[in-house]
Amino acid sequence: MPEPVAWHDDGTASGSPYSPRFGDRYRSELGGLTQARDVFLQGCGLPEAWASQPQWCILETGFGLGLNFLLTWQAWKADPLRPRLLHFVATEAFPASADDVLRAARAHPELQVFAEQLHRQLWGLLPGLHRLVFEDGRLLLTLCIGDTREMLRQQSFEADSVYLDGFSPQCNPDMWNLPLCKAVARCCRRGTRIATWTVARSVRDALTQCGFTVRKCPGSPPKRDRLEGQFDPAWEPKKARRAPAGALPARCVVIGAGLAGAAAAASLARRGWDVVVLDAAAAPGSGASGLPAGVLAPHVSPDDSALSRLSRSGVRATLQQADALLTAGHDWSPSGVLERCLDHPRRLPAAWQHLDADAARDWVRPANPEQLALCGLTASDEALWHAKGGWIQPASLVRAWLAAPGVQWRGLAIVHRLARREGVWHALDVSGRALACGELVILAAGHASRRLAESAEASASEPFAAGTATRIHSQLALQAVRGQVTWAPLEADQARQLPPFPVNGHGSFVAGLPLPGGPPGQLAWLTGSTFERGNESLEARPGENLHNLERLRTLLPDVARRLADDESPTAPNLVRGWAGVRCATPSRLPALGSLSPMNAPCAHALGSVWVFSGLGSRGLTFAALCAELLAARLHAEPLPISLRLADALLPAFAAEPAADAQQPASQAAQDSDL
Ligand SMILES: Cc1cc2nc3c(=O)[nH]c(=O)nc-3n(C[C@H](O)[C@H](O)[C@H](O)COP(=O)(O)OP(=O)(O)OC[C@H]3O[C@@H](n4cnc5c(N)ncnc54)[C@H](O)[C@@H]3O)c2cc1C
């Protein structure tokens, strides 16, 4: 259950929201918009303070029913001098339901249009960080579900404005005490403005002790006073965030026009970078991202592992992008995904049972008998239902990202090596000709990123080579993993007999896809995939099609029988294979971070070469999220995931190439694309 809200009749369209837990009214509702605007926006000097800034970041403690966020959104939208990017980071220990948030906004018709968009994204709010995206990615709401102090510890950013909100200090003292004010102060730079509606002595004292200068100001009736202030400690504040390696937006060269490179290009262009994307192929999305269609679904584990948490954030990010950029039914389908649990029941994290069960169920629940029946399975077959899943044609997403303003794509551009000259990186072809140059380079070339990283290291360490041994003889721990899917055309009436959503759990099966490269209306089914580590061959092999069809007989016996009975769809002359090469890391997490080696003389130069690769079997899940993470780290913005999880993605280096290259066949057989 989400946090209960009681609605007291006060003659307004929505009623007055009241929290039974805290025995207090939702404060931001008191006195309506004027008061909220006077206390928080005006208290922080907005919108004037953000005028003509490239970015602005607001921290709010106590998201409540979202009124301050909606009000800020409205002010930002109406301001011709608004910052290009607005971050709004809000903490909330007890999130109200999406419906209550919408209801609270009903009293303010001018906010309705924003409230409806917010309402659509308020789902699956399990404890932790959730990134909600609005206004084509220019308004980013990071909802931190949990105790404010704990949540702020998981982040690293500097707020430009702070809205200190929450139930009254008498009803909820923990939201106003000294430790909380300290946690807020850690997110401030000198000059950060702070505003709140309470002028309680204890709050003023705590803020003052933490380095804020505060003063009482006249409030709007019926409130007599409000508080505003500024972070201006007598001591030198600790830097909360790391210094950005890329400094101000300039030119960026992205190598690789697959999901990773295209997503990074769009995220950086949105922040003002001038991006050139180079790819060896003639068309975008020709590498692993040329997969006819892939499955998007979160990973589930009893201990809610890093992979599981990252996958949920990733699925949310991809759904937002697909929804904004693609045509449902054509390039993608948010159909949900059924995951069969063939070997053993998939256990969900035990902690989820004590939480808001609706938030967990938004993500995953046991498949119901109707869903099982659509797959030809019975109620006794174990399966999970991932409501937030579906299939996507990766190349469509790649093309949409490359079409973003500020992104230029160039095909048939094979980068042989990187060279640094006069502080600028050059991408050179085999003859040494510069294909593009920039202050920042993103290596998104799948497993070829390893070789390019080595060339960058060699070039950056050249000036130091004569001195001490500074050259770092290390290799990115990235490995090629070949895979093949099997597909065939399908008539519309045949498609109606097959599951209307992807099924995975022992390989995967997707039906009702638009036929890759076929005429409009022509459909296809697809099943896969094979795994072969250390192999880079793109040749489609008949034997692997047979292997995929064999696995389908275990995953979906009824479907496999039906396809065989229908004569055509599995006839050897009609079944086709598509092969690609994934790029995997030993951790199965993507590799994202700069090449900068600690304490090396060439660290500065390599700090501007970033690796974004190793998306393994989940490129559709990771690309959009990690591109935003990359941009956030470069610009020292609030992160879309916890700092700890982000650090788990930092590229790993191995002394020897691909430490797990000689993996036994039995382990390879356990691989799965999801
Ligand atoms: C059979 C198979 C099934 C899969 N199923 C799924 C699935 O169901 N769901 C899912 O999420 N993921 C799936 N994946 C994984 C997914 O396809 C990848 O994770 C994703 O496409 C990786 O994107 P990328 O941009 O990192 O790499 P790529 O798409 O491979 O892009 C790398 C690009 O770099 C370019 N390049 C390389 N070297 C150079 C150079 N020197 N100069 C210039 N350009 C260069 C290449 O031409 C290529 O376009 C599957 C993969 C395979 C092979």
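Please refer to the structure placed before this passage.
Small disclaimer: the values here were computed from a predicted structure and weren't measured.

Peer 1: For this particular structure, what's the right way to read helix α15 (residues 542-555)?
Peer 2: Quick reminder: α-helices carry 3.6 residues per turn. Residues three or four places apart thus point the same way. The end-to-end C-alpha separation of α15 is 20 Å, in line with the 20 Å expected for 14 residues at 1.5 Å each. Taken residue by residue, α15 has E544, N545, N548, R551, L552 and L555 as its buried positions. When α15 is viewed along its axis, its buried side chains cluster within an angular range of 125° and face the same direction. Residues of α15 that are exposed and point over 90 degrees away from its buried face: P542, G543 and E550.

Peer 1: Honestly, the packing of helix α8 (residues 259-270) against helix α18 (residues 619-635) in this entry has me stumped. Any pointers?
Peer 2: The geometry of a pair of packed helices is captured by two quantities: the angle between their axes and the separation between those axes. One can describe the packing of α8 onto α18 by two numbers: an axis separation of 8 Å at closest approach and a directional angle of 35°. The handedness of the crossing between α8 and α18 is right-handed. Along its contact with α8, which presents L259, A260, A263, A264, A266, S267 and L268, the element α18 presents G619, L620, A623, A624, A627, E628, L630 and A631. Class assignment of the residues belonging to the contact of α8 with α18 gives a composition of 12 nonpolar, 2 polar and 1 charged.

Peer 1: Please explain the nonpolar core as it appears in this structure.
Peer 2: The nonpolar side chains of a soluble globular protein tend to be buried with one another. Ranked by internal contacts, the top residues of the largest apolar core, which has 200 residues, are I255, A264, A265, V277, I442, L443 and F612. By residue number, the principal contributor to this core is α18, which donates 12 residues. For this core, the domains that each give at least three residues are domain 1 (6-231) and domain 2 (244-376 + 389-674). Once residues within four sequence positions are removed from consideration, F612 is found in contact with A260, A264, I442, L443, A444, L592, C626 and L630.

Peer 1: I would appreciate a short explanation of the pairing of strand β21 (residues 417-421) in the present structure.
Peer 2: Successive residues of a regular strand alternate their side chains across the two faces of the sheet. Alternating positions in β21 separate cleanly, L418 and R420 being buried on one face and R417, A419 and R421 remaining unburied on the opposite face. Two elements, β21 and strand β22 (residues 424-428), share 5 bridges in a ladder whose sense is antiparallel. Its bridge partner lying in β22, R420 is registered against W425. Taking the residues that link successive antiparallel strands as the turn, the β21-β22 hairpin has 2 residues, and the phi of E422 there is positive, at about 50°.

Analysis parameters
- Residues numbered from 1 in each chain as written.
- Predicted model: local features only at pLDDT ≥ 70, side-chain atom pairs only at ≥ 80, totals over all residues.
- Helix = DSSP H or I, 4+ residues; strand = E, 2+ residues; numbered from the N terminus.
- Expected span 1.5 Å × (residues − 1).
- Buried ≥ 20, exposed ≤ 12 C-beta atoms within 10 Å, placed from the backbone.
- Arc of directions from axis to C-beta.
- Axes fitted to C-alpha atoms, helices over the stretch in contact; angles between N-to-C directions.
- Left-handed = near helix turned anticlockwise from the far one by under 90°.
- Contact = placed C-beta atoms within 7 Å.
- Nonpolar A, V, L, I, M, F, W, Y, C, P; charged D, E, K, R; others polar.
- Core = buried A, V, L, I, M, F, W, Y, C linked by C-beta atoms within 7 Å.
- Domains from an automatic or database assignment.
- Pairing = 2+ DSSP bridges.

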